[in-house]
Amino acid sequence: MTAIDHKEQTIESLQSVTAHLYRGMRDFEGMGDTESERWCRDARRRVWALINEIEGEIAAETSEADTQ
């Protein structure tokens, strides 16, 4: 498994985490638990930021490989 393959697999796992956080966020919203809903929303934003960072690394590595 290459480093890029590993990063793509990590992204897939993180996307699954965001889906769980989204469901939790909606469940807490339905129960009126705004603090837990906000925690899920903030965690989801942080996970998406990490996904974007990893995607940027993949793009940079791919671009670098293309220029060599």
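This text follows the structure it describes.
Now for a quick tour of the structure. (Residues numbered from 1 in each chain as written. Predicted model: local features only at pLDDT ≥ 70, side-chain atom pairs only at ≥ 80, totals over all residues. Heavy atoms only, no water.)

Here is a general trend for soluble globular proteins: nonpolar side chains tend to be buried in one another's company. Formed by I11, L14, L21, M25, C40, A43, V47, I51, I54 and I58, the largest nonpolar core amounts to 10 residues. Mapped onto this core, the elements with two or more residues apiece are α1 (3-31) and α2 (34-67). It is α2 that provides the largest number of residues to this core, a total of 6 residues. Discounting chain neighbours no more than four positions away, the residues touching I54 are K7, T10, I11 and L14. (Core = buried A, V, L, I, M, F, W, Y, C linked by side-chain atoms within 4.5 Å. Buried < 20%, exposed > 50% of the residue type's maximum accessible area, 1.4 Å probe, protein only. Helix = DSSP H or I, 4+ residues; strand = E, 2+ residues; numbered from the N terminus. Contact = heavy atoms within 4.5 Å.)

The next subject is α1. Between its terminal C-alpha atoms α1 stretches 42 Å, which fits the 42 Å expected from 29 residues at 1.5 Å a residue. Among the residues making up α1, those that are buried are K7, I11, L14, T18, L21, G24 and M25. For α1, the elements touching its buried residues are α2. Immediately beyond the C-terminal end of α1, within one or two residues, lies G32, with a positive phi of roughly 80°. (Expected span 1.5 Å × (residues − 1).)

In short, the description is geometric, and any link to function would need to be established separately.
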